[in-house]
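Chain by chain, the residues:
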Amino acid sequence: QVQLVESGGGLVQPGGSLRLSCATSGFTFSDYAMSWFRRAPGRELEWVSGISSGGSTFYTDSVKGRFTISRDNAKITLYLELNSLKTEDTAMYYCARYRSPRTWSRDKSFYDSWGQGTQVTVSS
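Residues numbered from 1 in each chain as written. Predicted model: local features only at pLDDT ≥ 70, side-chain atom pairs only at ≥ 80, totals over all residues. Heavy atoms only, no water.

S.K.: Could you clarify how one ought to interpret the state of the cysteines in this entry?
M.R.: Here, disulfide denotes a covalent bond that connects the sulfur atoms of two cysteines. Under the counting rule described, the total for this entry stands at one disulfide. Between the sulfur atoms of Cys 22 and its disulfide mate Cys 95 the distance is 2.1 Å. Where Cys 22 bonds to Cys 95 through sulfur, the torsion about that S-S bond is close to 60 degrees, and the disulfide is right-handed. Residue Cys 22 is located in strand 3 (residues 18-25), and its partner Cys 95 is located in strand 9 (residues 91-101); the two are separated by 73 residues in the primary sequence. Relative accessible area serves as the criterion here: at 0%, Cys 95 is assigned to the buried category. (Disulfide = S-S within 2.5 Å. Helix = DSSP H or I, 4+ residues; strand = E, 2+ residues; numbered from the N terminus. Buried < 20%, exposed > 50% of the residue type's maximum accessible area, 1.4 Å probe, protein only.)

The following block contains the structure:
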């Protein structure tokens, strides 16, 4: 049974930093691309960042240079480092597993397993 559990969210001031974690189990983590998505109040689910099984990283334009995605295959954990946070980064953040091994897409319809989310609130 695939399980994804996010943690690390919280309340932070603009310009601050957070590190999100996504602990996984139930599948061969190193074989799968993973992504972070977010949903802000009143907005649709948005792809934020992805990492392939080979370690290639991808970002949506609004977070490039501020967020860093990484994975630790030994710890079977996905991370998202959030720096220089802005109020518009406020959202529920979700990690997700791509449906097939050794390929990837940023299209949310191709992700078959999701965590419960962790809330990030950026406010002064």
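S.K.: Would you explain the packing of aromatic side chains in this entry?
M.R.: The relative placement of two aromatic rings is captured by the distance of their centres and the angle of their planes. Enumeration according to the criterion identifies nine aromatic pairs in this entry. Judged by centre distance (5.8 Å) and plane angle (40 degrees), the rings of Trp 47 and Trp 104 are tilted. Taken together, the residues span a long stretch of sequence, with Trp 47 in strand 5 (residues 46-51) and Trp 104 in the loop between strand 9 and strand 10 (111-114) at a distance of 57 residues. For the pair Phe 58 and Trp 104, a centre-to-centre distance of 4.3 Å together with 25 degrees between the ring planes defines the contact as stacked. (Phe/Tyr/Trp six-rings, centres within 6.5 Å; stacked < 30°, edge-to-face > 60°.)

S.K.: Is there a simple way to think about the nonpolar core in this case?
M.R.: Burial of nonpolar side chains together is a common tendency in soluble globular proteins. Trp 36, Phe 67, Leu 78, Leu 80, Leu 82 and Tyr 93 are the most contacted members of the largest nonpolar core, which totals 26 residues. Listed by contribution, the elements that provide at least two residues to this core are strand 3, strand 4 (32-39), strand 5, strand 7 (67-72), strand 8 (77-82), strand 9 and strand 11 (118-122). If we ignore the near neighbours within four places in the chain, the residues touching Leu 80 are Leu 18, Arg 19, Leu 20, Trp 36, Val 48, Ser 49, Phe 67, Thr 68, Ile 69 and Tyr 93. (Core = buried A, V, L, I, M, F, W, Y, C linked by side-chain atoms within 4.5 Å. Contact = heavy atoms within 4.5 Å.)

S.K.: Would you explain the pattern of salt bridges in this entry?
M.R.: Two side chains with opposite charge may pair up if their charged atoms get near one another. Applying the stated criterion across every chain, the model contains seven salt bridges. For Arg 102, the salt bridge is made with Asp 31, and the minimal N-O distance between the two is 3.5 Å. Residue Arg 102 is located in the loop between strand 9 and strand 10, and its partner Asp 31 is located in the loop between strand 3 and strand 4; the two are separated by 71 residues in the primary sequence. Here Glu 46 and Arg 38 are joined by a salt bridge, their closest N and O atoms 2.8 Å apart. What makes Arg 38 buried here is its relative accessible area of 6%. (Salt bridge = Lys/Arg side-chain N within 4 Å of Asp/Glu carboxyl O.)

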